[in-house]
Protein chains: 2
Amino acid sequence: MTLDETIQNIQPVDRECWKRAQARLDRLTKPVGSLGRLEELATCYVAMTGEERPKLPRAAIFTFAADHGVAIEGVSAYPSAVTAQMVLNFLRGGAAVNVLASHVGAEVRVVDIGVAHEFGTVPGLIARKVAQGTKNFLAEPAMSRDEAERALTVGVELGAHAAQEGIGLIGTGDMGIGNTTPSSAITAAMTGEPVASVTGRGTGIDEAGYARKVSVIEQALAFHRPDPRDPLDVLSKVGGFEIAGLAGLILGSAANRIPVVLDGFISGAAALVAAGLQPLCREYMLASHRSVERGHGAVLDWLGLTPLLDLDLRLGEGTGACLGIGLVQASLKILTQMATFDEAGVSERSV
Amino acid sequence: MTLDETIQNIQPVDRECWKRAQARLDRLTKPVGSLGRLEELATCYVAMTGEERPKLPRAAIFTFAADHGVAIEGVSAYPSAVTAQMVLNFLRGGAAVNVLASHVGAEVRVVDIGVAHEFGTVPGLIARKVAQGTKNFLAEPAMSRDEAERALTVGVELGAHAAQEGIGLIGTGDMGIGNTTPSSAITAAMTGEPVASVTGRGTGIDEAGYARKVSVIEQALAFHRPDPRDPLDVLSKVGGFEIAGLAGLILGSAANRIPVVLDGFISGAAALVAAGLQPLCREYMLASHRSVERGHGAVLDWLGLTPLLDLDLRLGEGTGACLGIGLVQASLKILTQMATFDEAGVSERSV
């Protein structure tokens, strides 16, 4: 399926399924609504998938890795070499996302979609490199429009392939030194918020670095004038390959009725792009957490999502998505494993 | 160990262990501090237990059940018979706490500390009944001072016994139709907040029921004048047996250096009593979530705790504590399973 076909194939979620799931939750041995957002999660999952009594889904985190030409402007606290080093760390299982994915029984799939390093053949790595990193978008577009489409298509295909494999729950993740800079640029371009209000300190730059980062983004937006009605234009001018891949993954998952648990700010920027291409894909998104990174709040507001967790995370990789998946699993177990009032012989409310 | 000895035995947590755990977290392959409250959880656990590289602890939820004489005043949406019915539901594994405890690999221990029902011999039930429910505290003290001490001691002993068994993480839980009423009364008495500002709708009473509930609590406090400097006085006059048991469990856990994951409002009221008896026990508390129930915020503020989750829960039983335990486990895996920068060959920050 092409990118365009995928975008056309996304349907609204099933509101009748939603109602039947809520009706079941209301018969379980607990006061109506007393499990709050866990109940909401279960009904959302059911509406997205159309499965009324879902089994626990096989879950996978897709961590897209890419480098950023703009990193040369000194917008990150870490050198670009760390992107490739962390990819190898993911594949050896030593990173935070590995630990948290294992905690919730999810696989981690690591996608090289644009790392500025030749890995050669590395077991476990999904090699879908579009280019060796983006160009420095302070001086030229981050990528061509064709590259943006190819990177989106990588994500779309991985989502479709996951569906064929029987994966029923997808978490988004990212690795890319410098990638809060394109994410803030995309957020400013898509939401119209001022750059400074959607730009944070990423992995932890100092005051001078932060001022530089804001200035770089402001200059790039003034120079490229990306069109928010054309998300491919935004992506190609000030985006990143992992962000494009994640946007494609979100679209591919939604087209296959797979709920997508969004990680933090980078995933949120990707979700802005995906929702710009097809607003209906928002109905398949669950926001795992509110990142410390300034700008994530604007993203969540624009998407109309309320995050499940607020744990001062700012790591990315898919770490927050893992914790969100744990809550989705808990919600599905509530829906399917609890006794009803009838089954348990428990009296219902008296007033 | 008696109640008094237990109270005397509680020591401050180990701040040197805390520092060493933080130093290790700072060497792991992630930006310093980027896992936010997960890092905080891991360091707290280490400081509480004194274990620098902890194994995943065996976890148990203690769900204390009791009835409340004051329920006769029409302060709950459910009949008192539901307390005993839910105890049987817990023992059969059909309740929300069973599902969520199983989700995080924790046991559920159900304690009859004051249910107004003779269960006879029921496999799995921890039979430690102090009385068949409290008296109606609108008319007389909920329990005698001796009964309050006995109920506290039940909890203390269960905490000590858990330590002997090798349980390393305890979650609190409650079941008792009407028990938000004594919890609000205790909260008002201990914190000095106005009754209306710490009284909510519990399982879901209507407007008239809510007005009655506030009035009952106000009358009871005016009549009994419980002394906040004497938590046993508060407990005996306007408390409940499950609340007393939970307060004892918190003290018993703290004396044995077992971290206690608090559930919602009822557990919070118990924590106020425990902290009133020995302020140091607060150092062993982790607040799992912020309950919808009005009054919980005041409890958390008074205890100086910031909840991990805010998922609009208001069920009790220990359901929120289960989810909190899942996060503690995640935090310990981060501390002990991630690679360091050295191990992974990843470059450290450049600026």
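Small disclaimer: the values here were computed from a predicted structure and weren't measured. (Residues numbered from 1 in each chain as written. Chains lettered and ligands numbered in written order. Predicted model: local features only at pLDDT ≥ 70, side-chain atom pairs only at ≥ 80, totals over all residues. Heavy atoms only, no water.)

**Quick word on the overall build of chain A**
So, step 1. Scanning chain A from terminus to terminus reveals 14 helices and 6 strands.
So, step 2. Once the C-alpha set of chain A is aligned to its principal axes, its extents read approximately 70 × 45 × 40 Å.
So, step 3. Counted over contacts in chain A with a minimum sequence separation of 6, partners at least 24 positions apart contribute 76%.
So, step 4. Per element, the accessible surface of chain A, about 11,700 Å² overall, is 49% carbon and sulfur.
So, step 5. Chain A carries 30 positive and 39 negative side-chain charges, and their two centres are separated by 3 Å. (Helix = DSSP H or I, 4+ residues; strand = E, 2+ residues; numbered from the N terminus. Contact = heavy atoms within 4.5 Å. Areas by Shrake-Rupley, 256 points an atom, 1.4 Å probe, with all protein chains shown as cover. Lys, Arg positive; Asp, Glu negative; His and termini not counted. Charge placed at Lys NZ, Arg CZ, Asp CG, Glu CD.)

**Observations concerning helix α4 (residues 81–92) of chain A**
So, step 1. A rise of 1.5 Å per residue sets the reference length of α4(A), with its 12 residues, at 16 Å; its end C-alpha atoms lie 17 Å apart and thus fit the reference within 8%.
So, step 2. Among all positions of α4(A), only A:V82, A:T83, A:A84, A:Q85, A:M86, A:V87, A:N89 and A:F90 are buried.
So, step 3. Looking at the buried positions of α4(A), the neighbouring elements they touch are β1 (58–66), α5 (96–103), β2 (107–114), β3 (125–127) and β4 (167–175) of chain A together with α14 (341–344) of chain B. (Expected span 1.5 Å × (residues − 1). Buried < 20%, exposed > 50% of the residue type's maximum accessible area, 1.4 Å probe, protein only.)

**As for the sheet that holds β3(A)**
Residue and element names in this part refer to chain A.
So, step 1. Reading across from one edge, β3-β2-β1-β4-β5-β6 is the order of the 6 strands in this open sheet, with parallel pairing throughout. On the outer flanks of this sheet lie β3 and β6 (285–287), each paired with one strand and no other. Between one strand and the next, the sheet's axes are offset by a mean angle of 30 degrees, whatever the strand orientation.
So, step 2. Summarising the sheet, β4 and strand β5 (residues 260–262) pair through 2 bridges and their orientation is parallel. Of the residues in β5, the one forming a bridge with G171 is V261. (Pairing = 2+ DSSP bridges. Axes fitted to C-alpha atoms, helices over the stretch in contact; angles between N-to-C directions.)

**A word on the domain arrangement of chain A**
All names here are of chain A.
So, step 1. For chain A, the assigned domains read domain 1 (3–53 + 335–344) and domain 2 (58–327).
So, step 2. Using only C-alpha atoms to locate each centre, domain 1 and domain 2 end up separated by 28 Å.
So, step 3. Across the contact, 19 residues belong to domain 1 and 24 residues belong to domain 2.
So, step 4. Counting each side, the surface lost to burial between domain 1 and domain 2 is near 1,900 Å², with a carbon and sulfur contribution of 67%.
So, step 5. It is L3, I10 and M48 in domain 1 that bury the most area against domain 2; as a group they hold 37% of the surface buried on that side.
So, step 6. R15 serves as the salt-bridge partner of E283, at 3.1 Å between the closest nitrogen and oxygen.
So, step 7. Linking domain 1 with domain 2 are 8 residue pairs in polar contact (both at pLDDT 80 or more), by the criterion used here.
So, step 8. For the side of domain 1 that touches domain 2, the secondary-structure elements that each account for two or more residues are α1 (3–9) and α3 (36–49).
So, step 9. Top element by residues in the side of domain 1 that touches domain 2 is α3. It accounts for 8 residues.
So, step 10. A per-class count over the side of domain 1 that touches domain 2 returns 11 nonpolar, 5 polar and 3 charged. (Domains from an automatic or database assignment. Buried area = accessible area lost by both parts, 1.4 Å probe. Salt bridge = Lys/Arg side-chain N within 4 Å of Asp/Glu carboxyl O. Polar contact = N/O pair within 3.5 Å; in protein donor to acceptor, adjacent residues only side chain to side chain. Nonpolar A, V, L, I, M, F, W, Y, C, P; charged D, E, K, R; others polar.)

**Thoughts on the packing of aromatic side chains**
So, step 1. According to the stated counting rule, one finds 0 aromatic pairs over all chains in the structure shown.
So, step 2. The lysine or arginine in question, A:R201, covers the ring of A:Y210, its NZ or CZ lying 5.3 Å from the ring centre. (Phe/Tyr/Trp six-rings, centres within 6.5 Å; stacked < 30°, edge-to-face > 60°. Lys NZ or Arg CZ within 6 Å of the ring centre and 35° of its normal.)

**Thoughts on the relation of the copies chain B and chain A**
So, step 1. For these two chains of identical sequence, chain B goes onto chain A by a turn of 180 degrees and a shift of 0.0 Å along the axis, with RMSD 0.0 Å. Each copy turns onto its partner about a two-fold axis. Every residue of chain B has its C-alpha some distance from the rotation axis, and the shortest such distance is that of B:L309, at 3.2 Å. (Least-squares fit on C-alpha atoms with pLDDT ≥ 70 in both.)

**Some points on the interface of chain B and chain A**
So, step 1. Listed by partner, the interface residues are 55 residues for chain B and 55 residues for chain A.
So, step 2. Both faces considered, chain B and chain A share a buried interface measuring about 4,700 Å² in area, 62% of it formed by carbon and sulfur atoms.
So, step 3. Applying the counting rule to chain B against chain A returns 0 salt bridges.
So, step 4. Viewed at the interface, chain A and chain B are joined by 18 residue pairs in polar contact (both at pLDDT 80 or more).

**Thoughts on the pattern of salt bridges**
Residue and element names in this part refer to chain A.
So, step 1. Taken as a whole, this structure holds 34 salt bridges over all chains when the rule is applied.
So, step 2. The residue D233 makes a salt bridge to K237 at a minimum N-O spacing of 3.1 Å. Of the two residues, D233 and K237 both sit in helix α9 (residues 231–238), 4 residues apart, roughly one turn of that helix.
So, step 3. Taken together, the shared-partner salt bridges connect R58, E107, R109 and E165 into one network.

**Here we look at the sheet that holds strand β3 (residues 125–127) of chain B**
Sheet strands pair via backbone hydrogen bonds, and the direction of the pair is either parallel or antiparallel.
Residues and elements named next belong to chain B.
So, step 1. One open sheet accounts for 6 strands, arranged β3-β2-β1-β4-β5-β6; its pairing is parallel. The sheet is open, and its two borders are formed by β3 and β6 (285–287), each paired with just one other strand. Taken over all neighbouring pairs, the strand axes of this sheet differ in orientation by 30 degrees on average, direction set aside.
So, step 2. Note: strand β1 (residues 58–66) against strand β4 (residues 167–175), 8 bridges, orientation parallel. Bridge pairing in β4 links A60 to I170.

**Describing the nonpolar core**
Nonpolar side chains in soluble globular proteins generally cluster together in the buried interior.
So, step 1. Core analysis: the largest hydrophobic core is formed by 269 residues, its most contacted members being A:I334 and B:I334.
So, step 2. Contacts of A:I334, omitting those with residues within four sequence positions, involve A:L25, A:L28, A:L35, A:L38, B:A96, B:V99 and B:L100. (Core = buried A, V, L, I, M, F, W, Y, C linked by side-chain atoms within 4.5 Å.)

**Things to note about the pairing of strand β2 (residues 107–114) of chain B**
All names here are of chain B.
So, step 1. The buried fraction of β2 amounts to 6 of the 8 residues, a majority that puts the element mostly inside the structure.
So, step 2. Where β1 and β2 come together, 7 bridges link them in parallel fashion. Pairing of A65 across the sheet is with D112, part of β2.
So, step 3. Where β2 meets β3, 3 bridges bridge the pair, whose relative direction is parallel. Directly across from V110, in β3, lies its bridge partner L125.

**Considerations on the environment of B:A185**
So, step 1. With respect to the helices and strands, B:A185 occurs in helix α7 (residues 180–191).
So, step 2. Excluding residues within four positions of it along the chain, B:A185 makes contact with B:F137, B:I217, B:L221 and B:V238.

**Quick look at the environment of A:S215**
Residue and element names in this part refer to chain A.
So, step 1. Within the secondary structure, S215 sits in helix α8 (residues 207–224).
So, step 2. Here S215 falls in the partly exposed class, since its relative accessible area comes to 29%.
So, step 3. Considering only alpha carbons, one finds S215 and T153, 62 residues apart in sequence, at a separation of 32 Å.

**Looking at the side chain of A:S291**
Residue and element names in this part refer to chain A.
So, step 1. Its location among the elements puts S291 in the loop between β6 and α12 (296–303).
So, step 2. Polar side-chain contacts of S291 include one of 2.8 Å to the backbone nitrogen of E293.
So, step 3. Polar contacts involving the side chain of S291 include one to the main-chain carbonyl oxygen of L313, which spans 3.5 Å.
So, step 4. Excluding anything up to four places from it in sequence, S291 contacts G264, F265, H296, L313 and R314.

**A short note on the confidence of the model for chain A**
So, step 1. Confidence in the prediction for chain A averages 97 pLDDT; 99% of positions are at 70 or higher.
So, step 2. Scored as a complex, the prediction yields pTM 0.98 and ipTM 0.97. (pLDDT = per-residue confidence, 0-100.)

**Overview of a negative patch on the surface**
So, step 1. A grouping of A:D310, A:D312, B:D310 and B:D312 is seen on the molecular surface, where their side chains present a negatively charged patch.
So, step 2. Residue position: B:D312 is located in the loop between α12 (296–303) and α13 (319–337). (Patch = residues over 30% accessible without salt bridge, like charges linked within 9 Å, V, L, I, M, F, W, Y side chains within 5 Å.)

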